[in-house]
Amino acid sequence: MVTLKIDDKQVQVPEDTSILKAAEKAGIWIPTLCYSELFEPYGVCRLCVVEAVRGKRSRVVTSCNYPVREGINVLTNSPKIQWIRKTILELMLARWPNVKVVKDLARDVGVEKPRFVSLQRDEAEDACILCGKCVSVCREVVQANVLGFAYRGIKREIALPFGVQSEACIVCGACAHVCPTGHIKMVVEDYKGKKPEFTLGPKTAIYVPTLQAVPRVPVIDADSCIHFKTGGCEYCAKVCEPNAINFGMKDEVEEIEVGQILVATGFDIFDASAMAQYGYGTLDNVYSSLEFEMMLNSTGPTNGQVLTKDGREPRSVAIVHCIGSRDTNHHSYCSRVCCMYALKYAHLVHDRTKASIYQFYIDMRAFGKGYEEFYVRILDKGVKVIRGKVAEVVEAPPAQKDEGSLVVRCEDTLAGKLLEIPVDMVVLCNAIEARRDSDAVRRLFSISKSPDGFFLERHPKLDPTSTMTDGVYIAGCAQGPKDIPDVVAQASSAAARMLSFISKGEVEIDPVRAFVQEEYCSGCKICNSLCPYTAIEFLAEKKVSHVNEALCKGCGTCVAACPSSAMTGHGFTDAQILAELDGIMV
C-alpha cells in the first residue's frame, strides 16, 4: 500500500493506482473528458492535471495515468492548476460552444465566456470534441482498429481508414457508448411493424435468459459478443469476481447411461406473420402473446407499463384469440391456454391503464377450477367481449386517427353485425405448436407423434405420461397444449412412475422378444436399420447382430426381413410352430 496526501487529506491506496482513482477514493473531484475505465488512459484532454509535490520539487502531471508515489502531496486545485484548466476549457468552449459536456465543465471551473475566437468553430450540440475515447475503445477493447486520428493540429479529426466504410467494423456500438457528446450514433433502420427494443431479445451479449431460468446464470450470445468476433473485449471476465467466465469453453457431447428418460421439450408459438391479415410484422403496435407478456412483466424493459411504440399509453387495446388455433389452414386443434391468458391480459391492462379493452373470441373455453368466475369478473370490469373471428387488422384512415392508429374489422356473430373498431394496440394470442426439432427428438427416442405434431402417449386416458417405448415418458406441452396446473400434474405423474421402477430394482418385460441365432447370422445388418425401436445392435467382434431384450417389443419386423432366417422370436421358432401344428393335426 502507498500513503500520500491529496489536498492535505491522507489517502492509502494500492501501488500503481493512478492519482485520479486515489482522489476518487478520497471523495475529491478531478475533471476529465478522455478517461474511461475500459481502456488505458493517456491524458489527451489535459483537464485532469494536478500538481505533484515532493519536497521542494513540484510537477504538473495528468492524474489519470500518473501512478501514486509514497509521500507525495497532490494539489488538485492550486492557482496554477486552476489557470491551466480554465485556459483549456476556454479554448474548447471557443471551438465547441454548444456542446453540453464542455459547457458544464467550463461552468464548474468558473468559465462563462471564452476570451478567444476559434478558426474551426463548430456550433453543433453533438460536435466531436476529439477526446479520442472512440479511437481507444475501438483499438484497445474491441480490437477492430477501425477508427483513428487524421491530420494534425487544429485540423485533427476522427476518421475511418482512407475515409471509406471498413468491413472490419462489426457495428458493436462501443464507440457510440463511450462518446461523451453523442456525436457517434447507432442508427437503427426503422420500418412500419418493426418491434421496439424490448421485443428484439437481449440488449447485451451476456444476459440471463429469463427471470425464472433454472439455473439462473448468465449466458453469452456468441453471435453478438465482441470477443468472438475480434478476440478483444473480455470486459465481463475482468469484472467477474468468481472468475466464472471462460471464453475457451466449447460445446461438448457426453454419453450418459440412464435407465429412464422424461421428454419435456416444451413448445413453440405460432408465427403470426403467416397470417398477413393481422398485420404482425408490418404494422406498428401489433404484438404476439409473448411480446406482450414481456411488456407486462414488472421487471421488464417498460417496468410493466403498457405502452405503444412511441411511448404513449394506448387509448384502446384489442386482444384477438385463436391466432393459428382452430384453423384448418394452420392448426385445427385448440391451444387451451389462450382464452385464459387473454382474460389475464385484459385484467392487467384494465388495472394499469384507462384504455378500452376488446376481446375477440370464437368460443370462450374457461374450463378450469375458478376460470369461469374469473371470466365473469372480467365482464364486470367492463371489458367488451365480442364473439366473432377477426377478419383483418389495418392501419386506421386519417378520419379515425383520433380514435386509434389501427382498425380491427370483424363480425359480431351474436349481434349479426360487421364491426370496425379503432384501437391503438393489438395483442395476438398465438397458437401453441410442437417444437421445430420434434422429428429429430422422435427419431432419437423411438417414439411416435400424433397428427397435430405432438408426441403420442401410450393411452390418452389410462396412461397419458408413458410412450410405446419402455422407459421413455413425456410431460408438459411436449405431449400437447396444456396450462401450468396440468403440466405440473403430468410431470409429477411421470416422475412417480419413474421412481416406482427404480424402487423395484427389477423390471418385468413381455416374454415375446426376438433373438438372433448367431450361427446363421451373416452380418448383413438389414435388421439393424429396420428395427423401429433401435433394439438391435451389431457386434463388430463377432460380426453378428444382437437384440437388446429390454428394448425389443416383439413386433416381428426383423424376423420377417432376415434373409438367412437367423432372426426369430421367443416361443415362435420354426420347431415350436411345427410342433403346434403336429398337435393340432393329431
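All of these numbers come straight from a predicted model, not from anything done at the bench.

So, how was this worked out
Residues numbered from 1 in each chain as written. Predicted model: local features only at pLDDT ≥ 70, side-chain atom pairs only at ≥ 80, totals over all residues. Heavy atoms only, no water. Helix = DSSP H or I, 4+ residues; strand = E, 2+ residues; numbered from the N terminus. Rg over C-alpha atoms; globule rule 2.2 N^0.38 Å. Contact = heavy atoms within 4.5 Å. Areas by Shrake-Rupley, 256 points an atom, 1.4 Å probe, with all protein chains shown as cover. Lys, Arg positive; Asp, Glu negative; His and termini not counted. Charge placed at Lys NZ, Arg CZ, Asp CG, Glu CD. Core = buried A, V, L, I, M, F, W, Y, C linked by side-chain atoms within 4.5 Å. Buried < 20%, exposed > 50% of the residue type's maximum accessible area, 1.4 Å probe, protein only. Pairing = 2+ DSSP bridges. Axes fitted to C-alpha atoms, helices over the stretch in contact; angles between N-to-C directions. Patch = residues over 30% accessible without salt bridge, like charges linked within 9 Å, V, L, I, M, F, W, Y side chains within 5 Å. Salt bridge = Lys/Arg side-chain N within 4 Å of Asp/Glu carboxyl O. Polar contact = N/O pair within 3.5 Å; in protein donor to acceptor, adjacent residues only side chain to side chain. Domains from an automatic or database assignment. Phe/Tyr/Trp six-rings, centres within 6.5 Å; stacked < 30°, edge-to-face > 60°. Lys NZ or Arg CZ within 6 Å of the ring centre and 35° of its normal. Left-handed = near helix turned anticlockwise from the far one by under 90°. Nonpolar A, V, L, I, M, F, W, Y, C, P; charged D, E, K, R; others polar.

Caption draft 1: Broad picture of the overall build of the chain. Scanning the chain for helices and strands turns up 15 helices and 25 strands. For 586 residues, the compact-globule estimate of 2.2 N^0.38 gives 25 Å, and the chain exceeds it by more than 25% at 36 Å. With the C-alpha coordinates aligned to their principal axes, the bounding extent of the chain is approximately 125 × 75 × 50 Å. For the chain, the share of sequence-separated contacts (at least 6 apart) that also reach a separation of at least 24 residues comes to 60%. Carbon and sulfur atoms make up 53% of the accessible area of the chain, which amounts to about 33500 Å² in all. Side-chain charges in the chain split into 67 positive and 73 negative, and the spacing between the mean points of these groups amounts to 10 Å.

Caption draft 2: Focus on the nonpolar core. Among the nonpolar cores identified, the biggest contains 35 residues, and Phe292 and Ile319 are the most heavily contacted of them. Looking at this core, the elements that each hand over two or more residues are helix 8 (289–296), strand 13 (316–323), helix 9 (338–352), strand 14 (356–361), helix 10 (371–380) and strand 19 (425–430). When residues in this core are grouped by element, the largest group, ten residues, is from helix 9. Excluding its chain neighbours within four sequence positions, the residues that come into contact with Phe292 are Val306, Tyr345, Val349, Met425 and Val427. Formed by 23 residues, the second largest nonpolar core is a distinct cluster that contains Val286, Ala318, Val426 and Leu428.

Caption draft 3: Structural view of the sheet that holds strand 12 (residues 286–288). Spatial ordering of the open sheet is given by 12-19-13-14-15, a layout of five strands whose pairing is parallel. Both outer strands of the open sheet, strand 12 and strand 15 (384–387), are each paired with one neighbouring strand and no more. Across the sheet, the mean angle from the axis of one strand to that of its neighbour is 20 degrees, orientation sign disregarded. Where strand 12 lies against strand 19, three bridges are found, and the strand directions are parallel. In the strand pairing of strand 19, Ser288 is matched with Leu428.

Caption draft 4: Structural context of a positive patch on the surface. A surface patch of like charges, here positive, comprises Arg54, Arg57, Arg59 and Arg69. Along the chain, the position of Arg69 falls in the loop between strand 4 (57–62) and strand 5 (73–75).

Caption draft 5: Summary view of the side chain of Thr308. Within the element layout of this structure, Thr308 appears in the loop between helix 8 and strand 13. Within the local environment of Thr308, its side chain forms a polar contact with the side chain of Asp310, the two groups lying 2.5 Å apart. When near neighbours in sequence (up to four residues on either side) are disregarded, Thr308 contacts Asn285, Tyr287, Pro314, Asp424 and Met425.

Caption draft 6: Structural detail: the sheet that holds strand 4. Pairing is mixed across the open sheet formed by five strands, whose spatial order is 2-1-5-3-4. Looking along the sheet, the strands with just one partner apiece sit at the ends: strand 2 (9–13) and strand 4. Here the strands of the sheet are splayed against their neighbours by 30 degrees on average, with no regard to which way each runs. Sheet topology note: the strand 1 (residues 2–6)/strand 5 ladder contains two bridges and is parallel.

Caption draft 7: Geometry of the domain arrangement of the chain. The domain architecture assigned to the chain consists of domain 1 (2–109), domain 2 (124–246), domain 3 (269–433), domain 4 (434–504) and domain 5 (514–585). Using C-alpha coordinates to define each centre, domain 1 is positioned 67 Å away from domain 4.

Caption draft 8: Molecular detail of the packing of aromatic side chains. All told, the structure shown has six aromatic pairs when counted by the stated rule. Centroid distance Phe292 to Tyr345: 5.1 Å. Interplanar angle 80 degrees. Geometry classified as edge-to-face. Taken together, the residues Phe292 in helix 8 and Tyr345 in helix 9 connect sequence positions 53 residues apart. As far as burial versus exposure is concerned, Phe292 and Tyr345 are alike and both buried. With 5.6 Å between their ring centres and 70 degrees between their planes, Tyr333 and Phe454 make a pair best called edge-to-face. Note that Tyr333 is positioned in the loop between strand 13 and helix 9 and Phe454 in the loop between helix 11 (438–445) and strand 21 (472–474), a separation of 121 residues in sequence. Across the pair, exposure class does not vary: Tyr333 and Phe454 are buried alike. Each residue in the set Phe292, Tyr341 and Tyr345 is aromatic and connected to the rest through ring pairs, giving one cluster. When the ring centre of Phe149 is taken as origin, the NZ or CZ atom of Arg156, which lies over that ring, is 3.7 Å away.

Caption draft 9: Local environment of a nonpolar patch on the surface. Residues Val512, Phe572, Ile577, Leu578, Leu581, Ile584 and Met585 make up a contiguous nonpolar surface patch of about 730 Å² in total accessible area. Inspection of the secondary structure assignment puts Leu578 in helix 15 (residues 574–585).

Caption draft 10: Inspection of helix 4 (residues 133–142) at higher detail. In terms of residue burial, helix 4 counts as a mostly covered element, since eight of its ten residues are buried. Among the residues of helix 4, those classed as buried are Lys133, Cys134, Val135, Ser136, Val137, Cys138, Val141 and Val142. Where helix 4 is buried, its residues contact strand 6 (148–150), strand 7 (157–159), helix 5 (174–178) and helix 6 (227–230). Looking one or two places after helix 4, you find Gln143, whose phi comes out positive at around 60 degrees.

Caption draft 11: Region of interest: the pairing of strand 18 (residues 417–423). As defined by bridge partners, strand 17 (residues 406–412) adjoins strand 18 across seven bridges and the pair is classed as antiparallel. The partner of Val407 across the bridge, within strand 18, is Pro422. Adjacent in sequence and paired antiparallel, strand 17 and strand 18 are bridged by four residues, among which Gly416 carries a positive phi angle near 70 degrees.

Caption draft 12: Expanded view of the packing of helix 9 against helix 10. Where helix 9 contacts helix 10, the axes come no closer than 10 Å and their chain directions differ by 35 degrees. Crossing of helix 9 against helix 10: the hand is left-handed. Residue-level contacts link Met340, Leu343, Lys344, Ala346 and His347 of helix 9 to Tyr371, Phe374, Tyr375, Arg377 and Ile378 of helix 10. Broken down by class, the residue content of the contact of helix 9 with helix 10 amounts to seven nonpolar, one polar and two charged.

Caption draft 13: Region of the structure containing the environment of Cys236. Along the chain, the position of Cys236 falls in helix 7 (residues 235–239). A relative accessible area of 22% means that Cys236 is categorised as partly exposed. Spatially, the C-alpha atom of Cys236 lies 8.3 Å from that of Ile206, the residues being 30 residues apart in sequence. In this structure, Cys236 is in contact with Ile206, Ile245 and Phe247, ignoring residues within four places of it in sequence.

Caption draft 14: The pattern of salt bridges, seen in detail. Applying the stated rule across the entire model yields 29 salt bridges. A salt bridge links Glu90 to Arg115; the nearest nitrogen and oxygen atoms lie 2.8 Å apart. Placement of the pair is Glu90 in helix 2 (residues 79–95) and Arg115 in the loop between helix 3 (100–108) and helix 4, with a sequence separation of 25 residues. Under the relative-accessibility criterion, Glu90 is labelled buried at 7%. According to the relative accessible area criterion, Arg115 is exposed, its value standing at 59%. Where Arg435 meets Asp268, a salt bridge forms, and the shortest distance between an N and an O atom there is 3.3 Å. Here Arg435 is found in the loop between strand 20 (432–433) and helix 11, whereas its partner Asp268 is found in strand 11 (residues 268–269), with 167 residues between them in sequence.

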